[in-house]
Amino acid sequence: MLKSYFSTALRALKRNWNYTVINVVGLTFGLACCLVLFLAIRYELSYDRHHANADRTYRMITYYRDSEGDDRNTGVPMPTLAALRTDFPALEHQLTMVYELYGGLVKAGENQSSKFLEDGGVMAFVEPAYFRLFDYQWKEGNPQTAIKNPNTVVLSGRMARKYFGDADPVGKSIRVENKMDFVVTGVVANPPATTNLPFEVLLSFASLKQFGANGGWNDWKSNYSGAQLYMTLPPTLSAAQMERSLVPFVQKYMSPEDAKQLQYELQPLTNIHFDARTGNSANRTVSKRMIWAMALIGVFILITACVNFINLATAQAIRRAKEVGVRKVLGSSRAQLVRQFLGETGLLTGLAVGMAFVLAHLSLPYVAELLDIKAVALVLLDPFVIGFVVLLAVLTTVLAGFYPALVLSGYQPVLALRGKIRMAGNSQLTLRRSLIVFQFAISQILIIGTVIAYSQMSYFRSADVGYDKEAVLTVQIPERKAGQLEALKAKLTDLPNIRSMSYGLSIPSSDGNWWTSFTYNNAAKEADFGVVMRCADTAYLNTYGLKLIAGRMYHPADTMREVVVNESFVKKLGIRQPQQIIGKYLALGGTGNANKQIVGVVKDFNTFSLHQKTNPSVLTTQRDAYHILGIKLSTQQGGTVAISRLIGEIETAWNTVFPDFVFKYEFLDQTLANFYKSEERMYALFRLLAGIAIFIGCLGLYGVVAFMAESRTKEVGIRKVLGASTGHIFGLFSIDFVRLVLIALVIASPIAWYVMDKWLADFPYKITIAWWMFALAGLFAIGIALLTVSFQSVKAALMNPVKSLRSE
């Protein structure tokens, strides 16, 4: 029986080979898309799941409330760790601090002759307790003692090979930031790609005081975002209970004013990857909303492919009616016919699954780059993935084949053999039209989403951020000795095509910011909001193109003497005119600090990315806080060749002044573009999935039109004889489908508007969704539909009517 089903299915598919190809290609793309999205979603959801206690481990978040809203900081004051161990003795061994270095120089190898400039997320000071909370596979060394002593370090296998080649690294030393030597006491396996703790150079926490930490060990007012505290709670203690216990803890150690505005939250380790408000050391977040959108789009694309099958199967139902009638007369039951037609669908699905595997395998490198995923982590030949594919194949077979099987097996043999099945075709025609509307509604939702995402990305690229971001080169400045800043500036001054230079704490828009409290004009208490510090020399305004709207720039100094504030600062204090604040005083970082006079006001500039509103900011001099050199280049002559030559000359001068460090630069516009990687990924994904959905939908539309042209051959011939033109025949075939696409647009528009409006709600600076975006999506969909219909309709229109009438 099975052999009969199989051979019959093969003959039926071979006989209708053109529809077989359309169905297989559509199912292949739908299944491949689902498979790749499944791998991507599985990757995103597996972050930090490899730790045994992941579900009970939390990161402490410092949560501030002020008059403007909420702010969360991943860092905690340095004395928090010791205080928690004292006040919560039951958690003494379940607490640890990770002190991340946001990049730094490492010297290693023979006589430390090799230099490596590591980015953030590579180096961190950790305690032995760190290896109790988090699971690492040890290759060499003892997790309990490896970093117990000062000046010790544990490396990942990758870093051990990078620094020492094939030699055994244990016992050898590395030098960090030209400050301290650390002896390698252990080697661990490389951290997995799916971790928010990607550190591969794990330095002993006992060395941090000597190395130098941001913030004092007894300072409860300063926060460094890299000083992060983790805890693993026992099963008997919930996160909510622990958060309630931390309220009196804050009141005990903080001043009453600070305690009113601050509380600690516990962020689950497994949720860190999904929270863009706080970020992580891997510098990559994906919202859960994005993940579920990917899953939903994958399901819709698979349904679109199945719709093709249903459309073509029901369109061909009349052709196979006599076959069904003969089978029933010869004794076949309806259940046998259902199995027969489901077998045909299963055969097609099996072929599509094999091709989908190949297509998915070929597309994984591109998808990994598109979604910023490490391709090695996307494994197709995994038991879990294989199980998913089998389940997907079964569901596809049932979804695509069950209804056509019921329709075909339900024909009455008398009507089928007499050829009167056509009279029962209206319901099938309505179904086919409904399915086409459904297909194009999905496609147009994705097209509208792509248009809106593109418009928002264009806004990000072109929005006025309050300063000039073009042709500005930023160079990192390491720890320096007296006179080195002046020496570098003197060497660069003589170079052509440099318009200006400025030392500062950071660029105007930065994701790493120095927040501080302040007291305004000798007030009795601190203001109820903080300010962002921008320590910089007097050339900062000219180099970055900031605009002074009141007063003057502060005078040169090595320490804080005078300050310049931005418009948001003035408005936040309730002062109407910027000129009114000139001559007033600020005491920064607490009431004990000396007053600094406000001498100027600059036009607002974005202190963070466009994901956040402009914050109140203060510019002032502080020489020991300068970590970035901004260089404004002249691009009028020489083009990219001259720029490349100039960068080489800057590097030569830099290496002369800082021979023990590694030169690293970045263009400001590229730095700003990195702020919007997540949105770029979403836009690229929407664009790709919209293309796939449109392609699958057009395949089905092409098949349905081809069948219509074939079934209406005689009608077209008669119309041609009676004088119908090619354009008239084209309109005859096209008008119904244009109407269906327009109906799909009406259905898709409110859904797309709702989804994209929710997405845009996360941005304080955003575009307005306009009517033309929906009109553009509709015109594009109509154009694609007409292009798809045109080939078959024109082909039918050009056919010789004598031949078409004779064919009947």
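About the criteria used
Residues numbered from 1 in each chain as written. Predicted model: local features only at pLDDT ≥ 70, side-chain atom pairs only at ≥ 80, totals over all residues. Heavy atoms only, no water. Helix = DSSP H or I, 4+ residues; strand = E, 2+ residues; numbered from the N terminus. Buried < 20%, exposed > 50% of the residue type's maximum accessible area, 1.4 Å probe, protein only. Contact = heavy atoms within 4.5 Å. Areas by Shrake-Rupley, 256 points an atom, 1.4 Å probe, with all protein chains shown as cover. Pairing = 2+ DSSP bridges. Axes fitted to C-alpha atoms, helices over the stretch in contact; angles between N-to-C directions. Phe/Tyr/Trp six-rings, centres within 6.5 Å; stacked < 30°, edge-to-face > 60°. Lys NZ or Arg CZ within 6 Å of the ring centre and 35° of its normal. Salt bridge = Lys/Arg side-chain N within 4 Å of Asp/Glu carboxyl O. Arc of directions from axis to C-beta. Patch = residues over 30% accessible without salt bridge, like charges linked within 9 Å, V, L, I, M, F, W, Y side chains within 5 Å. Polar contact = N/O pair within 3.5 Å; in protein donor to acceptor, adjacent residues only side chain to side chain. Lys, Arg positive; Asp, Glu negative; His and termini not counted. Parallel < 35°, antiparallel > 145°, perpendicular 65-115°, else oblique. Left-handed = near helix turned anticlockwise from the far one by under 90°. Nonpolar A, V, L, I, M, F, W, Y, C, P; charged D, E, K, R; others polar.

## So, the overall build of the protein chain
- Assigned secondary structure in the protein chain consists of 24 helices and 25 strands.
- Per-residue burial for the protein chain yields a buried fraction of 52% across its 808 residues.
- Across the protein chain, contacts joining residues at least 24 apart in sequence account for 80% of those joining residues at least 6 apart.
- Entry remark: accessible area of the protein chain is about 36500 Å², with carbon and sulfur atoms responsible for 57%.

## Focus: the sheet that holds strand β25 (residues 665–667)
- What the four strands build is an open sheet, ordered β15-β24-β14-β25; its pairing is antiparallel. Each edge of the open sheet carries a strand with a single partner, namely β15 (498–504) and β25. Averaged over all pairs of adjacent strands, the angle between strand axes in this sheet comes to 20°, irrespective of strand direction.

## Some remarks on the packing of aromatic side chains
- What the rule picks out here adds up to 38 aromatic pairs.
- For the ring pair Phe134 and Tyr230, a centre distance of 5.4 Å and an interplane angle of 85° mean the geometry is edge-to-face. Separated by 96 residues along the polypeptide, Phe134 in the loop between α4 (130–133) and β7 (138–140) and Tyr230 in strand β12 (residues 227–232) bring together distant segments of the chain. Just as Phe134 is buried, Tyr230 falls in that class too.
- Ring centres of Trp220 and Phe249 lie 6.1 Å apart, and the angle between their planes is 70°; this geometry places the pair in the edge-to-face category. You can see Trp220 sitting in the loop between α6 (208–211) and β12 and its partner Phe249 sitting in helix α7 (residues 239–253), a full 29 residues away along the chain. Of the two residues examined, Trp220 and Phe249, each falls in the buried class.
- One cation-aromatic arrangement involves Lys209 over Trp217; the distance from NZ or CZ to the ring centre is 5.2 Å.
- The side chain of Lys572 reaches across the aromatic face of Phe529, ending 4.2 Å from its centre.

## A short note on the pattern of salt bridges
- Inspection of the entire model under this criterion finds 19 salt bridges.
- A salt bridge links Arg681 to Asp372, with the shortest nitrogen-to-oxygen separation between them at 3.8 Å. Of the two residues, Arg681 is situated in helix α20 (residues 677–711) and Asp372 in the loop between α11 (334–370) and α12 (383–409); the sequence distance between them amounts to 309 residues.
- In this structure Asp372 comes out as partly exposed when scored by relative accessible area, which is 39%.
- It is possible to trace a salt-bridge network through shared partners that takes in Glu44, Arg284, Asp372 and Arg681.

## Comments concerning helix α3 (residues 80–87)
- Taken as a whole, α3 has its buried residues at Thr80, Leu81, Ala83 and Leu84. One face of α3 carries all of its buried residues, which in axial projection span an arc of 165°. Facing away from the buried surface of α3 by more than 90 degrees, the exposed residues are Ala82 and Thr86.

## Describing the environment of Met97
- Examined against the element boundaries, Met97 turns out to sit in strand β3 (residues 95–101).
- Note on Met97: relative accessible area 0%, which makes it buried.
- For the pair formed by Met97 and Ala227, sequence separation is 130 residues and the distance between their alpha carbons is 6.7 Å.
- Residues within four places of Met97 in sequence aside, it is in contact with Val76, Pro77, Met78, Leu81, Phe125, Val126, Glu127, Phe205, Ala227, Gln228 and Leu229.

## Observations regarding a nonpolar patch on the surface
- A surface patch of nonpolar side chains, amounting to about 560 Å² of accessible area, comprises Leu381, Ile386, Val390, Val394, Val398 and Phe402.
- Tracing the sequence through the fold places Val394 in helix α12.
- Take Val394: its relative accessible area is 48%, and that puts it in the partly exposed class.

## Some thoughts on the pairing of strand β20 (residues 562–566)
- For β20, the tally of buried residues reaches five of five residues, placing the bulk of the element in the interior.
- With burial as the criterion, each face of β20 is covered, one bearing Glu562, Val564 and Asn566 and the other bearing Val563 and Val565.
- Of the strand pairs in this sheet, β20 and strand β22 (residues 596–602) are connected by five bridges, and their pairing is parallel. Each residue of the ladder has a partner; that of Val563, found in β22, is Ile598.
- Two strands pair when backbone bridges link them, and β20 and strand β23 (residues 617–620) are joined in this way by three bridges, in the antiparallel orientation. Within β23, the position partnered with Val564 by the bridge is Leu619.

## Regarding helix α15 (residues 484–493)
- If you check which residues of α15 are buried, you get Gln484, Leu485, Leu488 and Leu492. In an axial view of α15, the angular spread of the buried residues amounts to 105°, which keeps them on one side of the axis.

## Quick look at the environment of Ser281
- Relative to the helices and strands, Ser281 is located in the loop between β13 (262–268) and α9 (288–315).
- Here Ser281 falls in the buried class, since its relative accessible area comes to 8%.
- Through-space distance from the C-alpha of Ser281 to that of Val122 is 8.6 Å; in sequence the pair is 159 residues apart.
- Look past the residues within four positions of Ser281 in its chain and what remains in contact with it is Glu100, Gly121, Asn196, Pro198, Phe199 and Gln228.
- At 2.8 Å, the side chain of Ser281 and the side chain of Glu100 are in polar contact.

## A word on the side chain of Glu177
- Considering the arrangement of structural elements, one finds Glu177 in the loop between β9 (173–176) and β10 (180–188).
- Lys179 provides the closest opposite charge to the buried, salt-bridge-free Glu177, at an N-O distance of 6.1 Å.
- A distance of 2.6 Å separates the side chain of Glu177 from the backbone nitrogen of Leu105, its partner in a polar contact.
- Among residues more than four places away in sequence, those in contact with Glu177 are Gly104, Leu105, Phe211, Glu479 and Phe661.

## Considering the packing of α3 against α7
- Two elements in contact, α3 and α7, have axes whose closest approach is 12 Å; the angle formed by their N-to-C orientations is 120°. Classed by the angle they form, the pair α3 and α7 counts as oblique. The two elements α3 and α7 cross, and the hand of that crossing is right-handed. Every residue of α7 that contacts α3 at Thr80, Ala83, Leu84 and Asp87 is listed here: Leu246, Phe249, Lys252 and Tyr253.
- Class assignment of the residues belonging to the contact of α3 with α7 gives a composition of five nonpolar, one polar and two charged.

## Some points on the pairing of β3
- Taken across its seven residues, β3 has seven buried, putting it largely inside the fold.
- Of the two faces of β3, the one lined by Leu95, Met97, Tyr99 and Leu101 and the one lined by Thr96, Val98 and Glu100 are each fully buried.
- Judged from the five bridges that link them, β3 and β12 form a sheet pairing that is antiparallel. Within β12, the residue paired with Leu95 across the bridge is Met231.

## Structural notes on unusual backbone geometry
- Positive phi, close to 60°, is recorded for Asn283, a residue that is not glycine.
- With respect to the helices and strands, Asn283 occurs in the loop between β13 and α9.
- Looking at Asn283, the relative accessible area reads 65%, which means it is exposed.
- Its identity is not glycine, yet Asn521 carries a phi of approximately 50°, on the positive side.

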